[in-house]
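Here's the letter readout for the chains.
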Amino acid sequence: MSEEALMFWSKISGVYDLVENIYNGKTNARTTDYVASLMDKDDKVLECACGTGMFSVKIAPCVKSLTATDFADGMLKRAKKKCSKFSNVLIESGDITALKYEDNSFDKAVAANVIHLLDDPKKAIDELKRVVKPGGTIVIPTYIHFQRSVAANVFDKAGAGFKRHFDEDNYKEFFRELGVGNVRYKVCEGRMSCDVAVFENI
């Protein structure tokens, strides 16, 4: 991710939740609830690109531990504040394409709404597969059709750094091209719908 895009995500952290809730609150509620439903109480979970903690606060009550990471300092500050009531959550800086964790460290990993921002998404997928135990689960929710969204267009012009746009078909093709099989998909509908890709780490 470029320095410009990194600065953009840090700068908007203070208003991110407001924009997300007003513009796409229903989708986000459906998506975070669905992702939380995939968690188990004994899970050690890694969340990459946690942003302000929108998914973190839903995941934390359902799992043994949650390590939530992001590369934008502004987002991390918001996430820490939002998750301060949870004793099982660790918030720290992290790069999804170069994770500092040992192999097979987590039962599950979540990487929401970040794949479309990456120069090398395959590297990120490979890293998630490395740190998740064999037989564990990787969950990747991604906004679809957001090129039609007014909010996404504004973000893009402001420096968000979108690298690709997905719809239901090319999102599936994206995983096929990476050689990831047995992916389940769940579309959470809304103003800017989210397609949740779920697959077992083999």
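Located above this text is the structure these notes cover.
Rules behind the numbers
- By convention here, each chain's residues receive numbers from 1 onward along its written sequence.
- This being a predicted model, a pLDDT of at least 70 is required before a residue's local features are given, and a value of 80 or more before pairs of side-chain atoms are given or counted; all residues contribute to the totals for chains, interfaces and linings.
- Just so you know, side-chain values use all the structure's heavy atoms and leave hydrogens and water out.
- Each Phe, Tyr or Trp ring (for Trp, its six-membered ring) is paired with any other whose centre lies within 6.5 Å, and the angle between the two planes then decides the class: stacked below 30 degrees, edge-to-face above 60, tilted in between.
- Helix and strand assignments follow DSSP, with helices taken as H or I runs no shorter than four residues and strands as E runs no shorter than two, numbered in order from the N terminus.
- For the exposure calls, accessible area comes from a 1.4 Å probe over protein chains only, and a residue counts as buried if that area is under 20% of its type's maximum, exposed if over 50%, partly exposed in between.
- Lysine and arginine charges are scored as sitting over a ring when NZ or CZ, respectively, is within 6 Å of the ring centre and within 35 degrees of the ring normal.
- What the arc measures is the spread of directions leading from the helix axis to the C-beta atoms.
- Any two residues whose heavy atoms approach within 4.5 Å are treated as being in contact.
- Two strands are said to pair when DSSP picks up at least two bridges between them.
- We call a crossover right-handed when, viewed with both strands directed away from the observer, the connection leading from the first strand over the helix to the second proceeds clockwise.
- Sulfur atoms of two cysteines make up a disulfide when they are within 2.5 Å.
- The term polar contact refers here to a pair of N or O atoms within 3.5 Å; inside protein, the definition further demands a hydrogen-donor-capable atom paired with an acceptor-capable atom, and it admits residues adjacent in sequence only when both atoms are side-chain atoms.
- When a carboxyl oxygen of Asp or Glu lies within 4 Å of a side-chain nitrogen of Lys or Arg, that pair is called a salt bridge.

Draft legend 1. Molecular detail of the packing of aromatic side chains. This model, assessed by the stated rule, comprises 9 aromatic pairs. Each ring, one from Tyr171 and one from Phe175, has its centre 5.1 Å from the other, and the planes form 75°; the classification is edge-to-face. With a gap of 4 residues between them, Tyr171 and Phe175 both fall in helix α7 (residues 168-177), about one helical turn apart. Both residues of the pair, Tyr171 and Phe175, count as buried. Here Tyr171 and Tyr185 contribute two aromatic rings whose centre-to-centre distance is 6.1 Å and whose plane-to-plane angle is 70°, an arrangement assigned as edge-to-face. Taken together, the positions of Tyr171 in helix α7 and Tyr185 in strand β6 (residues 184-188) put the pair 14 residues apart, joining distant regions of the chain. With a relative accessible area of 27%, Tyr185 lands in the partly exposed category. An aromatic cluster is defined as three or more aromatic residues linked by ring pairs; in this entry it consists of Phe166, Tyr171, Phe174, Phe175, Tyr185 and Phe199. The ring centre of Tyr34 lies 5.7 Å from the NZ or CZ of Lys186, which sits over that ring.

Draft legend 2. Main features of α7. For α7, the full list of buried residues reads Tyr171, Phe174 and Phe175. Looking down the long axis of α7, one finds its buried residues gathered within 90° of arc, a one-sided arrangement. Exposed side of α7, more than 90 degrees from the buried face: Asp169, Arg176 and Glu177 are the residues found there. Tucked into the core, α7 has its buried residues touching α5 (121-131), β5 (132-143), β6 and β7 (194-200).

Draft legend 3. Geometry of the pairing of strand β2 (residues 65-70). With 5 of its 6 residues buried, β2 lies for the most part within the structure. As defined by bridge partners, β2 adjoins strand β3 (residues 89-93) across 5 bridges and the pair is classed as parallel. Across the sheet, the residue bridging to Ala68 is Ile91, located in β3. Of the crossover connections in this fold, the one passing from β2 over helix α4 (residues 73-82) to the parallel β3 is right-handed.

Draft legend 4. Quick peek at the state of the cysteines. Scanning the entire structure with this criterion turns up 0 disulfides. Of all cysteine sulfurs in the structure, the one in Cys50 sits closest to Cys48, which takes part in no disulfide; the separation is 9.0 Å. Exposure remark for Cys48: the relative accessible area of 0% places this residue in the buried category. Not part of a disulfide, Cys188 finds its nearest cysteine sulfur in Cys194, a span of 6.3 Å. Classification of Cys188 by relative accessible area gives buried; the value is 3%.

Draft legend 5. Structural detail: the environment of Arg176. Looking at the element boundaries, Arg176 is found in helix α7. Of note is the side chain of Arg176, whose polar atom sits 2.8 Å from the side chain of Glu173.

Draft legend 6. Seen up close, unusual backbone geometry. One non-glycine residue, Ala49, lies in positive phi territory at about 55°. Considering the arrangement of structural elements, one finds Ala49 in the loop between β1 (44-48) and α3 (56-59). Notably, Asn182 is not glycine yet its phi reads approximately 55°, a positive angle. If you trace the backbone, Asn182 turns up in the loop between α7 and β6.

Draft legend 7. Spotlight on the pattern of salt bridges. Enumeration over the complete set of coordinates arrives at 10 salt bridges. The partner of Lys108 in a salt bridge is Asp40, and the shortest N-O contact between them spans 3.0 Å. With a gap of 68 residues between them, Lys108 in strand β4 (residues 106-111) and Asp40 in the loop between α2 (13-37) and β1 connect regions that are remote in the sequence. Lys108 sits in the buried class, given a relative accessible area of 6%.

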